[in-house]
Amino acid sequence: MKRLFCFSLLIMAGCGALSPRGVAAESNAEVQARSAALELAGAFSNDGFKIRDGRWPTSIAVKQPRFIQVNLYAGNQYWFIAAASDEAKRVEVTVFNENGEPVATEPHQSGVRAAAGFSPQLSGPYYVRIEELEGNPASVCLLYSYK
């Protein structure tokens, strides 16, 4: 299972997996997705979460999930937040451990905005999947908060 999951991640990396944003100009859809993600992240900052520097914008479509690998630390709490432009109808965020198994999260889903809260028991690599469940191809932005 682990090999299959890692192999699929490598395949998706070559097919447009998430990467940190450079200095290129943003489209209106990218700005819309980023603004929506920051607005949702602001709600978590009211609970003491700090927004991590950086964001991962990309395009998304139904049945074309995007993945990002993150290194997390036991004892911290995290919220992974994604928002898409209006072309999407519904997105979802899922977290997987290093073996490719989904981990229990506190989900938040509201149309084109979704988040997954998680406190890892073990430090190490984890994978975050952003998936469009309904809608048309859209821009999406992922960011995360921690405390």
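Residues numbered from 1 in each chain as written. Predicted model: local features only at pLDDT ≥ 70, side-chain atom pairs only at ≥ 80, totals over all residues. Heavy atoms only, no water.

K.L.:
When you look at the confidence of the model for the chain in this model, what are you seeing that I'm missing?
P.N.:
Caution applies to low-pLDDT parts of the model: their predicted coordinates are not meant to be read in detail. Looking at the chain as a whole, its pLDDT mean stands at 84, while 83% of the residues score no less than 70. Segment residues 3-21: pLDDT under 50, and 30 contacts once partners within four positions in sequence are set aside and those in other chains are kept. (pLDDT = per-residue confidence, 0-100. Contact = heavy atoms within 4.5 Å.)

K.L.:
What am I meant to see in the nonpolar core here?
P.N.:
Here is a general trend for soluble globular proteins: nonpolar side chains tend to be buried in one another's company. Of all hydrophobic cores here, the largest spans 25 residues; its most connected members are Val70, Phe80, Val95, Val128 and Leu142. Of all the secondary-structure elements, those providing two or more residues to this core are strand 2 (56-60), strand 3 (66-72), strand 4 (78-84), strand 5 (88-96), strand 7 (113-118), strand 8 (124-135) and strand 9 (138-146). (Core = buried A, V, L, I, M, F, W, Y, C linked by side-chain atoms within 4.5 Å. Buried < 20%, exposed > 50% of the residue type's maximum accessible area, 1.4 Å probe, protein only. Helix = DSSP H or I, 4+ residues; strand = E, 2+ residues; numbered from the N terminus.)

K.L.:
Please clarify how the pattern of salt bridges should be interpreted in this entry.
P.N.:
Side-chain pairs of opposite charge can arise where the charged atoms are in close proximity. All chains considered together, the criterion is met by three salt bridges. For glutamate 39, the salt bridge is made with arginine 113, and the minimal N-O distance between the two is 3.1 Å. Here glutamate 39 is found in helix 2 (residues 28-45), whereas its partner arginine 113 is found in strand 7, with 74 residues between them in sequence. Residue classification places glutamate 39 among the exposed residues on the basis of a relative accessible area of 52%. Among the salt bridges present, the one from glutamate 134 reaches arginine 90, with a minimum N-O distance of 3.4 Å. With glutamate 134 in strand 8 and arginine 90 in strand 5, the pair connects residues that are 44 residues apart, well separated along the chain. Residue classification places arginine 90 among the partly exposed residues on the basis of a relative accessible area of 33%. (Salt bridge = Lys/Arg side-chain N within 4 Å of Asp/Glu carboxyl O.)

K.L.:
Would you mind going over the pairing of strand 4 with me for this structure?
P.N.:
Looking along a regular strand, one sees side chains alternate from face to face of the sheet. Burial analysis of strand 4 places seven of its seven residues in the buried class, which makes it a mostly covered element. The alternating pattern of strand 4 places Tyr78, Phe80, Ala82 and Ala84 on one face and Trp79, Ile81 and Ala83 on the opposite face, and all of these are buried. The pairing of strand 4 with strand 7 spans six bridges and is classified as antiparallel. Note that in strand 7 the partner of tyrosine 78 across the bridge is phenylalanine 118. (Pairing = 2+ DSSP bridges.)

K.L.:
Which parts of the structure should I look at to understand the sheet that holds strand 8?
P.N.:
Each strand in a sheet pairs with another by means of backbone hydrogen bonds, the pair being arranged parallel or else antiparallel. Strand order across the open sheet formed by three strands is 3-8-5, with antiparallel pairing between neighbours. One side of each edge strand has no neighbouring strand; the edge strands of this open sheet are strand 3 and strand 5. Averaged over all neighbouring strand pairs, the angle between strand axes comes to 25 degrees, with direction disregarded. Both strand 5 and strand 8 contribute to a ladder of eight bridges, which runs antiparallel. Across the sheet, residue glutamate 92 finds its bridge partner in strand 8, namely glutamate 131. (Axes fitted to C-alpha atoms, helices over the stretch in contact; angles between N-to-C directions.)

K.L.:
Hey, could you run me through the packing of aromatic side chains in this one?
P.N.:
Ring pairs (aromatic) are described by centroid distance and by the angle formed between their planes. Considering all chains together, one arrives at six aromatic pairs under this definition. Summarising the aromatic geometry, the rings of tryptophan 56 and tyrosine 144 are spaced 6.1 Å apart at their centres and angled 15 degrees between planes, so their arrangement reads as stacked. One end of the pair, tryptophan 56, is in strand 2; the other, tyrosine 144, is in strand 9, and 88 residues separate them in sequence. On the basis of relative accessibility, which here comes to 11%, the residue tryptophan 56 falls in the buried class. Their ring planes at 55 degrees and their centres at 6.1 Å tell us that tyrosine 78 and tyrosine 144 sit as a pair that is tilted. Note that tyrosine 78 is positioned in strand 4 and tyrosine 144 in strand 9, a separation of 66 residues in sequence. On the basis of relative accessible area, tyrosine 78 is assigned to the buried category, the value being 4%. A connected cluster of aromatic rings, assembled from ring pairs, spans Trp56, Tyr78, Phe80 and Tyr144. (Phe/Tyr/Trp six-rings, centres within 6.5 Å; stacked < 30°, edge-to-face > 60°.)

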